[in-house]
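# A closer look at the structure
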Amino acid sequence: MRCSLPKDCAAPTQETFRQMRFHHWISLILLLFCCGESFAADAVDQLKFSTQECKIKEPIYGSTFDFSGLRSDLAHVVESVSNGGDKFEFNICGNLSRTCNGESNVAACLKKQGKDYIIGRQHELFYNNGKMYLEYKGGAKCDNGTASNPNYQLHVMLSCDYTLDAQPMHITPYANDACSFYISYETPLACLAIPDALQSNSCSVRDTKSNGTFDLMPLSDSNYRTSNRQDAFFLINVCKPVLYGENSMCPPGSSICLYNPKASSPKERFINFGNVQSRPVVERGQLLLRHESPTPCAKNSSANYTSVIYFSCDKFIRNAHPEFAGLGADSCTYQFNFVTPLACNDLEPCTAFTATNELLDLSALSKKPARTLVKDGRNYTIAVCAHAGTPCQENGGACYEQNSTTISLGNSNSQLRFNQTGSLYLLYEDGAECSADSGIRRWSTKIEFVCANNATKDNGANSAGPAAGGDSLKIIEDSNCQLLIQYQTPLACREPIKCKASVYVDHTTDGLGSSGDELIDLTPLISATDNYEARVELPASLEHLVPKTTKFFLNVCRPLVPKYQLGCAGGSAACMAKVTASGAPEEERSMGFPLVSLTQRNRTYAELLYLRGDPCPTDNTTELSTRLLFNCNMRAGRGQPVLRSIDDCAYRFEWETNVFCPPHECTFSEDTCDLVHDELNRRFNFKSAPFTKDGRIEIDYNGTKMAVNICGAHRKAMTDYSQALVNIFFTHESPNCGREGTMNVQIRLICSNQTESSSTISSDQQCNLLYVQRTPSICEFLSLGAAQHDGSSSSSSSSSTSSSTSTSSTTTSTTTQASPAGKPTKAATSTTTTTAAPDPAATPIGPTASVGTILAAILSVTFCVTCLGLFAFSPARRQRVRRLFRRSNSAVRYSRVQSNEEANLLLEPNGEFTESDDDMLL
């Protein structure tokens, strides 16, 4: 270098070296960031691929999903009731055995109005972040196709279900001019294997106090999500492993796992917090499941994580799901509360609640005389939920006579149970001794109850066969020391369609965030006692179609309740009637039956169809139908159906409701003890609440009154519109509770027409208090103008405790707590240790800095060459770098199904949600 001025060749100063080194390190950090982005994206790419084979090697745990067992010698057939009986025939890992539209070697065929349409000649198997599906390509040209998708297409979504259902396949409703179709196929082949040691077909325990049985198996049908209130989620299944699926890739055998969307590695994103446990226990009156995990605890490497689910009774709850209660004193035990009717032990004899809180009442069968059946020369005598009487023994529920000898086949009881597929049965045990291959056993009798018809309980009386004239009993087998009987009765018929639907919700640009399947559940709107009367708000051009004397009555997902002397056909879910001056209905017309399960459009929009009603008064060739469009509105309360339009004898009702609105986190004011709903601008003050004394509630605990102060710091409050309540979570100081003297508290404030409280305290490492307060005072806060009629009886308060040895823990929050006497004590404060970064002023400069600069330059060149090589051989990486510099912020997005295009809801969740999408049909 030639110097033009002396100052140009002056020796470098310390400041110059500092600046040079700073610039080199910035360059190095940027290069590392770019390469890190590339490597992180490669990890994501591992979770997205396709294959022409019929099996997939799961990329996280190395398990293989082999779907060749789904191949059919003929075809899988699915019929779409909502589309005039369109019939879909398809095969998996093979072609159809018949021709379609005159062509052979066809994999999928649609039969519509007597004509065949090829909707797939070959398929490809896709994997996308846990979701697996078959895409059938090469279909015939579709008249309504788009430039990107001109042909018919079929997509078969393969979802995990550990039980074999009678109807594992379901078609997603679609528009009549649709070109793309979606079928869900639930199969155990889409599940991770259950370790042999964790295999079980039952999940029940006998309660010695009530002599009844708690059966939790119905809760295994779906996964549950509950927030840890720190930007992560617990995925939970009860009695079975977490169902593998999109963003639900929990470790094999895990029943509780933490989903941390911020973790970079897929394996670190899903952490096992508890293996499957199918043996519930009752400890001091508390029903619970204790799950042990093989994962070492982060706070104590010598111990593993443990998760405990406490089950509490509520006969009136809909949409039951668990809530994370808090961390145990050992910082390794996680506590959850699950309020469900399946935890109730005071049910009426011969009755049972389903997982969706539908009451099945077979008590009428216990009043019928014992039935006599004959098989292989034996005379069998059987009674239901009652003693069989002569010739059986005193407590016998079933017996048989042979050669003048009576053999007991089990003692009677009235405890109805559900098997793993959800079917109802009755089990009589402790009969006479019996010889079997496995040795000497005792006879038992299992009575399986089957719905007597394919319709509903309400129109069973009008149907032919057993439903019309009575019941039908049949002996299936009497081998291996068990008598198996099938009992057909209309009393075993359940709600005809599903009132739940899952929807994939994408919260971030890259699909991570808190994305995953979320449940839309309208079961809280199902009414077994009353019907809904709709308002009529039609455009002026349609008002002449509805006379002023016409009223519309509807129910949700089930037939109308037979009230008001309605004369619509039994089983109708919607009915229009002319009302006389005295208010009596006449000239009723059925507006459809509940034949199609709930369909989701996006997270805040769902749809129900009632079809095959009476002939339309303006067109006898067309049947009346009803379309109910549900829209989430937190201000609407339960809401009311409103008739908005009539088109070709199809009546469209809109129903704004907060039942399936997502939970909303409220603000809790420590100073005023106010609960604040910021979005609705509503407040609820606990100090003036009718169920508190200056913000405190009293709990019976260990024979004394313990005062719990709701007011204080670090209170988390969440609305739960599906259950018409507000959940409040905090910790409370209680010297008699565990070694640390603190307990986790969950308060459930339920909008109710009753004022009633109950409490349950469980002790397991750290005490757990579940306090339930039913009160009309919280209804207005939840936008419920009237208190909910949940059937609660008189006010009561109960408390139960269980205890175990607790270990020490560290208090992790600052909480104003109350002693059992009710006097505030000093708030517990958390301590945080922070490692300070090195002081830049203490870093050596001068000659040492130049060495650092040279090293930084060498490293920079090395990384440059490496990254350029990586990018040169990967177009995908080059594209990601381009996106890095034009990436923008994204709001919450709700993916949706489009009529004639590839469905973002089921495949690529990358389309922005707009209000105009509300008008799109499936």
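Keep in mind that what you see is a predicted model, and the values were worked out from it rather than measured.

## Brief notes about the sheet that holds strand β21 (residues 304-313)
Reading across the sheet, the 5 strands line up as β19-β20-β21-β23-β22 and stay open at both edges, with mixed pairing between neighbours. With one partner strand each, in any of the chains shown, β19 (281-283) and β22 (322-327) form the two edges of the open sheet. Taken over all neighbouring pairs, the strand axes of this sheet differ in orientation by 35° on average, direction set aside.

## Quick notes on the environment of Asn411
Topologically, Asn411 is positioned in the loop between β29 (405-408) and β30 (416-418). By relative accessible area, Asn411 is classed as partly exposed at 31%. Apart from residues lying up to four places away in sequence, Asn411 is in contact with Asn395, Gly396, Gly397, Tyr428, Glu429 and Asp430.

## Considerations on the sheet that holds strand β9 (residues 131-137)
Spatially, 6 strands are ordered β1-β8-β9-β10-β12-β11 in an open sheet, and the strand pairing comes out mixed. Only two strands of the sheet have a single partner each, and these edge strands are β1 (48-51) and β11 (169-171). Across the sheet, the mean angle separating the axes of adjacent strands is 20° when strand polarity is ignored. Relative to strand β10 (residues 153-160), β9 runs antiparallel, the two sharing 5 bridges. Across the sheet, the residue bridging to Tyr133 is Met157, located in β10.

## A word on the pattern of salt bridges
Here the idea is simple: oppositely charged side chains can pair when their charged atoms come close. Counted by the stated rule, this structure contains 27 salt bridges. Here Arg98 makes a salt bridge to Glu89, at a shortest N to O gap of 3.1 Å. By relative accessible area, which is 30% here, Arg98 ends up partly exposed. Within this structure, Arg535, Glu537, Arg644, Arg652 and Glu654 form a network of salt bridges that share partners.

## Notes on the state of the cysteines
The final tally for this structure, using the stated rule, is 18 disulfides. Disulfide pairing is shown between Cys568 and Cys575; the S-S distance is 1.9 Å. Handedness of the Cys568-Cys575 disulfide follows from its S-S torsion of about 75°: it is right-handed. The burial state of Cys568 is the same as that of Cys575; both residues are buried.

## Overview of the side chain of Ser200
Position of Ser200 relative to the elements: it lies in the loop between β12 (180-187) and β13 (204-207). Take Ser200: its relative accessible area is 18%, and that puts it in the buried class. At 2.8 Å, the side chain of Ser200 forms a polar contact with the backbone oxygen of Ser202. Leaving out residues up to four positions away in the same chain, Ser200 has contacts with Lys240 and Ser278.

## Observations concerning the packing of aromatic side chains
Across all of its chains, the model carries 31 aromatic pairs by this definition. Here the aromatic rings of Phe49 and Tyr127 are separated by 5.2 Å at their centres, their planes lie at 15°, and the arrangement is stacked. A residue pair is termed long-range when its members are at least 10 positions apart, and Phe49 in strand β1 and Tyr127 in strand β8 (residues 122-128) qualify at 78 residues. Geometrically, the ring pair formed by Phe273 and Tyr334 is edge-to-face, given 4.9 Å between the ring centres and 85° between the ring planes. With a gap of 61 residues between them, Phe273 in strand β18 (residues 270-275) and Tyr334 in strand β23 (residues 333-340) connect regions that are remote in the sequence. We note that Phe273, like Tyr334, is buried. Within the aromatic cluster, the residues linked to one another by ring pairs are Phe234, Phe273, Tyr305, Phe324, Tyr334 and Phe336. Sitting above the plane of the Phe233 ring, Arg225 keeps its charged end 4.6 Å from the centroid. Positioned above the aromatic ring of Tyr400 is the side chain of Arg378, whose terminal nitrogen or guanidinium carbon lies 4.3 Å from the ring centre.

## Some points on the confidence of the model for the protein chain
With 76% of its residues at a pLDDT of 70 or more, the protein chain has an overall mean of 79. Throughout residues 1-11 the model reports pLDDT below 50, and contacts reaching past four residues in sequence, or to other chains, amount to 3 contacts. A low-confidence stretch, residues 792-856 stays under pLDDT 50, and its non-local contacts, those more than four residues away or across chains, total 125 contacts.

## Points about empty space enclosed by the protein
Tallied over the entire structure, the rule returns 7 cavities of 30 Å³ or more. Roughly 70 Å³ of internal volume is contained in the largest cavity. Classifying every residue of the lining of the largest cavity gives 8 nonpolar, no polar and 2 charged.

## Observations regarding unusual backbone geometry
A cis amide bond links Thr390 to the next residue, Pro391, at an omega of 10°. Its location among the elements puts Pro391 in the loop between β27 (378-382) and β28 (398-402). With a phi close to 55°, Cys385 is a non-glycine residue in the positive phi region. You can see Cys385 is positioned in the loop between β27 and β28. Even without being a glycine, Cys649 presents a positive backbone phi close to 70°. Here Cys649 lies in the loop between β50 (642-647) and β51 (650-657).

The rules behind these values
Residues numbered from 1 in each chain as written. Predicted model: local features only at pLDDT ≥ 70, side-chain atom pairs only at ≥ 80, totals over all residues. Heavy atoms only, no water. Pairing = 2+ DSSP bridges. Helix = DSSP H or I, 4+ residues; strand = E, 2+ residues; numbered from the N terminus. Axes fitted to C-alpha atoms, helices over the stretch in contact; angles between N-to-C directions. Buried < 20%, exposed > 50% of the residue type's maximum accessible area, 1.4 Å probe, protein only. Contact = heavy atoms within 4.5 Å. Salt bridge = Lys/Arg side-chain N within 4 Å of Asp/Glu carboxyl O. Disulfide = S-S within 2.5 Å. Polar contact = N/O pair within 3.5 Å; in protein donor to acceptor, adjacent residues only side chain to side chain. Phe/Tyr/Trp six-rings, centres within 6.5 Å; stacked < 30°, edge-to-face > 60°. Lys NZ or Arg CZ within 6 Å of the ring centre and 35° of its normal. pLDDT = per-residue confidence, 0-100. 1 Å grid on protein atoms, 1.4 Å probe; cavity = no way out; pocket = protein on both sides within 12 Å on 5 of 7 lines; lining within 4 Å. Points joined across faces, edges and corners; volume = space filled by probe spheres on them. Nonpolar A, V, L, I, M, F, W, Y, C, P; charged D, E, K, R; others polar.

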